[in-house]
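# Observations on chain architecture
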Amino acid sequence: MEIKRKVRFGKVVSDVMNKTVVVAVDTPRRHPLYKKTIRRIVKYYAHDEENKSKNGDTVKIEETRPLSKLKRWRVVEIVTKGEVAEIKPEEITS
């Protein structure tokens, strides 16, 4: 019997920690009364064994056993590599 695990697609918003990335998953929902589409963003801490994911990457994460206090997800694959613009301090002040 195969275990059915939850799968989410999201964008990496932080890769500062060792073997951990923070993935923001955007879920649009319709308001039940007003019918307006509401964007709900949830951040998941995911385990990244090889530290391959970088800021801006779109990744596929899968639910797993608790790995730490906050980590309950792991990175399955990198769907697309993101491009994050590197800004030098001189460019901000001018």
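Now for a description of the structure that goes with this document. In this text the structure is predicted, and so the values were computed from the model without any measurement.

## Topic: the overall build of the protein
- The number of helices and strands found in the protein is one helix and five strands.
- Counting from the amino terminus, helix and strand elements in the protein follow one another as β-β-β-β-β-α.
- Taken over C-alpha atoms, the radius of gyration comes to 16 Å for the protein, far larger than the 12 Å a tight globule of 94 residues would show.
- Considering the protein as a whole, with its 94 residues, one finds that 23% of them fall into the buried category.
- Sequence separation of at least 24 residues holds for 48% of the intrachain contacts in the protein that already meet a minimum separation of 6.
- Just so you have it, the protein exposes about 7,600 Å², and 53% of that area is on carbon and sulfur atoms.

## What to know about the nonpolar core
- In terms of nonpolar packing, the biggest core is built from ten residues, these being Val12, Val21, Val23, Val25, Tyr44, Ala46, Val59, Ile61, Trp73 and Val75.
- Beyond its immediate chain neighbours, meaning those up to four positions away, Val12 contacts Val21, Val22, Val23, Ser53, Lys54, Asn55, Gly56, Asp57 and Val59.

## Side note on the pattern of salt bridges
- Throughout the structure, instances matching the rule amount to four salt bridges.
- With a closest N to O distance of 3.1 Å, Glu49 and Lys19 form a salt bridge. Residue Glu49 is found in the loop between β3 (37–47) and β4 (58–63), and its partner Lys19 is found in the loop between β1 (7–14) and β2 (20–30); the two are separated by 30 residues along the sequence.
- Here Glu49 falls in the partly exposed class, since its relative accessible area comes to 42%.
- Taking relative accessible area as the criterion, Lys19 reaches 31% and is therefore assigned partly exposed.
- The residue Asp57 makes a salt bridge to Lys81 at a minimum N-O spacing of 3.6 Å. Separated by 24 residues along the polypeptide, Asp57 in the loop between β3 and β4 and Lys81 in the loop between β5 (73–80) and α1 (89–93) bring together distant segments of the chain.

## Notes on the pairing of β3
- Examined bridge by bridge, β2 and β3 share eleven bridges and lie antiparallel to one another. Among the inter-strand pairings, Val23 is bridged to a residue of β3, identified as Tyr44.
- The turn joining β2 and β3, which pair antiparallel and follow one another in sequence, is formed by six residues; a positive phi near 60° is taken by Lys35.
- Two strands pair when backbone bridges link them, and β3 and β5 are joined in this way by two bridges, in the parallel orientation. Paired with His47 across the two strands is Arg74, which belongs to β5.

What counts, and where the lines are drawn
- Residues numbered from 1 in each chain as written.
- Predicted model: local features only at pLDDT ≥ 70, side-chain atom pairs only at ≥ 80, totals over all residues.
- Heavy atoms only, no water.
- Helix = DSSP H or I, 4+ residues; strand = E, 2+ residues; numbered from the N terminus.
- Rg over C-alpha atoms; globule rule 2.2 N^0.38 Å.
- Buried < 20%, exposed > 50% of the residue type's maximum accessible area, 1.4 Å probe, protein only.
- Contact = heavy atoms within 4.5 Å.
- Areas by Shrake-Rupley, 256 points an atom, 1.4 Å probe, with all protein chains shown as cover.
- Core = buried A, V, L, I, M, F, W, Y, C linked by side-chain atoms within 4.5 Å.
- Salt bridge = Lys/Arg side-chain N within 4 Å of Asp/Glu carboxyl O.
- Pairing = 2+ DSSP bridges.

Geometry only, nothing functional implied.
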